[in-house]
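# Inside the fold
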Amino acid sequence: MPCWYNEIPLFTATSRHYVDRLFDPDPENVLQGVIDMKNAVIGNNRQKANLIVLGAVPRLLYLLQQSSSSLELRTECAVVLGSLAMGTENNIKSLVDCHIIPALLQGLLCSDLIFIEACLRCLRTVFISPVTPVQLLYTDPTVIPHLMSLLSRSQHTQEYITQIFAHCCKTPEHQTVLFNHGAIQNIAPLLISPSFKVRMQALKCFSVLAYENAQVSMTLVNVLVDGEQLSQVFVRMMQRDKPIEMQLTAAKCLTYMCRAGAIRTDDNCIVLKTLPCLVRMCSKERLLEERVEGAETLAYLMEPDIELQRIASVTDHLVSMLADYFKYPSSVSAITDIKRLDHDLKHAHELRQAAFKLYASLGSNDEDIRKKPILESGVIELLCSLTQSDSPALRVNGIWALMNMAFQADQKVKVEIVRALGTEQLFRLLSDPDTNVLMKTLGLLRNLLSTRPHIDQVMSSHGKQIMQAVTLILEGEHSIEVKEQTLCILANIADGNTAKELIMTNDDMLQKIKYYMGHSNVKLQLAATFCISNLIWNEEDGSQERQDKLRDMGFVDILHKLTQASDPNLCDRAKTAMQQYLA
């Protein structure tokens, strides 16, 4: 018989032996059994899973809660439960299902510090797991104030409790509960603790408390820590000699306070400290997670403020640093740790998403800045290359970013986008099987075809292909949204000085416009009516000839019917168009 056949029952038998010892009538044997179990499960996930399956958890919890159990036994039970919690997510689920959280919270009422610390350590491990419902911390209203009272007991209680708060503060309601029970006053002194772990967890607490919360942020501005303003404590924590995690979290605290209106955007702590710190986090020397968090936080900080966008755009080559986000990882040699490379390859999309957010934020309010992310950094070529990706999500993001860049852009930027993308790729995207890609491509085309000189220039170069693409979409099996966007593009073309002739000389296209004016969907009727309105506008050269041709084709009769339409927008648009004939 092969030897491996005997190993599995033997392993289970050993595990069974550990559990059986928990039921020994002699308390000393039980204690020794728990200590032996503790040593057996360290770093051994298989042993942990076996013990859970064999029912060790309910017995350990029973012993932990018995007043007749010695403090040493209760403490060792908490330690073993904490070790079991450090296994897989399934382990955590099993522990939570056995009601470990209320049992441990009850244990915190004991006066013995070592036992309290063991319970808190286990609670911390359970609560930081993504599978644990954070609401379990808030079920009993006496829990939060009791945890606040335990903060002063030791550095360990401070570390574990602040870590629990930082992970379990997920909603405005959670923020309010913690705020009302004195979180700010109790946690602020911990920012100058001699323990780095305590300082770090306290800082994380403030970042989750302040996020989109004006009440917390306004209170934080007036807090003094050892005679120093809290904002200045955060500024010191952003210094280059501090650990990256601390710099980044302190920057998030100040960012959230600024966005909540507690700190002005032109305050030195934002302009000279927070913004440069976040830009540093975007450099390629940082780990992927740090770059993602840095870019997303920076985007959030400057989103509503043009001046911050201007400063960021000229700080430490930010724009060219962002271009690297799309090339990541550029070479295997840059990352010697194979596990890290594998992890980063799987999460590289998060880096690109963060860069998209930051580009959108940088160029959201100022045309000069937008010309600078775009033309100087070579990002257009990168975005255009993304549109050729096999991943629909990457194609969508690439074309979406190009669409935003083309919005109200000057001709130089638009020409560069069309040149870099190439007409072949543009028309390939217009037949993309993914509806999101198609919609964003139509959005890009619509933005390229805005303002008359731009419309005429683009159509003079690419008019034939664009009209072919419009025809194919209007004839194809597409959604109402896609066809509406396409008709809006046609309305833009109809607004050009010379471009409108590409519609007027195309009877097939005119018949399609007529068909959509009589469509059952009001959005399509409205978009088609816009086309005709632009074609017959009185103040433009050749308007009389265009009006005559369209009257002969029956458009006046259709417009007359639409003036009686039940939809007020459609009715008004039709009346406006009819007035061109009466003027």
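Residues numbered from 1 in each chain as written. Predicted model: local features only at pLDDT ≥ 70, side-chain atom pairs only at ≥ 80, totals over all residues. Heavy atoms only, no water.

## Observations regarding the layout of surface pockets
- Put simply, the largest pocket is a space of about 650 Å³.
- Considering the residues around the largest pocket, the lining is formed by 21 residues, among which Ala166, Ser207, Val208, Lys252 and Glu293 are closest to the centre.
- When residues of the lining of the largest pocket are traced back to their parent elements, those giving at least two are helix H10 (155–168), helix H11 (172–180), helix H13 (196–210), helix H16 (244–259) and helix H18 (288–302).
- Among the elements that line the lining of the largest pocket, the one with the most residues is H16, at six residues.
- Here the residues of the lining of the largest pocket are counted per class, giving eight nonpolar, five polar and eight charged. (1 Å grid on protein atoms, 1.4 Å probe; cavity = no way out; pocket = protein on both sides within 12 Å on 5 of 7 lines; lining within 4 Å. Points joined across faces, edges and corners; volume = space filled by probe spheres on them. Helix = DSSP H or I, 4+ residues; strand = E, 2+ residues; numbered from the N terminus. Nonpolar A, V, L, I, M, F, W, Y, C, P; charged D, E, K, R; others polar.)

## Points about the packing of helix H15 (residues 230–237) against H16
- One way to put it is that H15 packs onto H16 with a least axis distance of 8 Å and a crossing angle of 145°. Once H15 is placed against H16, the crossing between them reads as left-handed. Where H15 approaches H16, its residues Ser231, Phe234, Val235 and Met237 are matched on the opposing element by Met246, Gln247, Ala250, Cys253, Leu254 and Met257.
- Residue composition of the contact of H15 with H16, by class: eight nonpolar, two polar and no charged. (Axes fitted to C-alpha atoms, helices over the stretch in contact; angles between N-to-C directions. Left-handed = near helix turned anticlockwise from the far one by under 90°. Contact = heavy atoms within 4.5 Å.)

## A few points about unusual backbone geometry
- Unlike most non-glycine residues, histidine 99 shows phi in positive territory, near 65°.
- Mapped onto the secondary structure, histidine 99 falls in the loop between helix H6 (89–97) and helix H7 (100–107).
- The backbone phi angle of threonine 451 is positive, close to 70°, even though this residue is not glycine.
- Along the chain, the position of threonine 451 falls in the loop between helix H27 (435–448) and helix H28 (452–475).
- A relative accessible area of 45% means that threonine 451 is categorised as partly exposed. (Buried < 20%, exposed > 50% of the residue type's maximum accessible area, 1.4 Å probe, protein only.)

## A closer look at the environment of glycine 294
- Within the element layout of this structure, glycine 294 appears in helix H18.
- Taking relative accessible area as the criterion, glycine 294 reaches 0% and is therefore assigned buried.
- Sequence separation between glycine 294 and cysteine 282 is 12 residues; the distance between their C-alpha atoms is 5.8 Å.

## Topic: the confidence of the model for the protein chain
- Taken as a whole, the protein chain shows an average pLDDT of 89; of its residues, 91% reach a score of 70 or greater.
- Segment residues 1–11 is flagged for pLDDT under 50; beyond a separation of four residues in sequence, or across chains, it makes six contacts in the model. (pLDDT = per-residue confidence, 0-100.)

## Details of the packing of aromatic side chains
- The tally for this structure, following the rule as stated, stands at five aromatic pairs.
- Taking 5.9 Å as the distance between ring centres and 75° as the angle between the ring planes, the aromatic pair formed by tyrosine 256 and tyrosine 300 counts as edge-to-face. You can see tyrosine 256 sitting in helix H16 and its partner tyrosine 300 sitting in helix H18, a full 44 residues away along the chain. Accessibility assignment for this pair places tyrosine 256 and tyrosine 300 in one class, buried.
- Aromatic ring contacts, followed pair by pair, group Tyr211, Tyr256 and Tyr300 into a single cluster.
- In this structure, arginine 259 packs its charged tip against the face of tyrosine 300, placed 4.3 Å from the ring centre.
- The ring of phenylalanine 555 has lysine 514 sitting right over it, with the charged end atom 5.8 Å from the ring centre. (Phe/Tyr/Trp six-rings, centres within 6.5 Å; stacked < 30°, edge-to-face > 60°. Lys NZ or Arg CZ within 6 Å of the ring centre and 35° of its normal.)

## A short note on the pattern of salt bridges
- The full count for this structure, using the stated rule, is 24 salt bridges.
- For glutamate 245, the salt bridge identified is with lysine 204, shortest N-O distance 2.7 Å. Here the residue glutamate 245 occupies a position in helix H16, and lysine 204 occupies one in helix H13, the gap between them amounting to 41 residues.
- For glutamate 245, a relative accessible area of 38% puts it in the partly exposed group.
- Judged by relative accessible area, lysine 204 falls into the partly exposed class, the value being 26%.
- Its salt-bridge partner being arginine 395, residue aspartate 432 comes within 2.9 Å of it at the nearest N-O pair. Of the two residues, aspartate 432 is situated in the loop between helix H26 (423–429) and H27 and arginine 395 in helix H24 (residues 392–406); the sequence distance between them amounts to 37 residues. Here aspartate 432 and arginine 395 have matching classes, each one buried. (Salt bridge = Lys/Arg side-chain N within 4 Å of Asp/Glu carboxyl O.)

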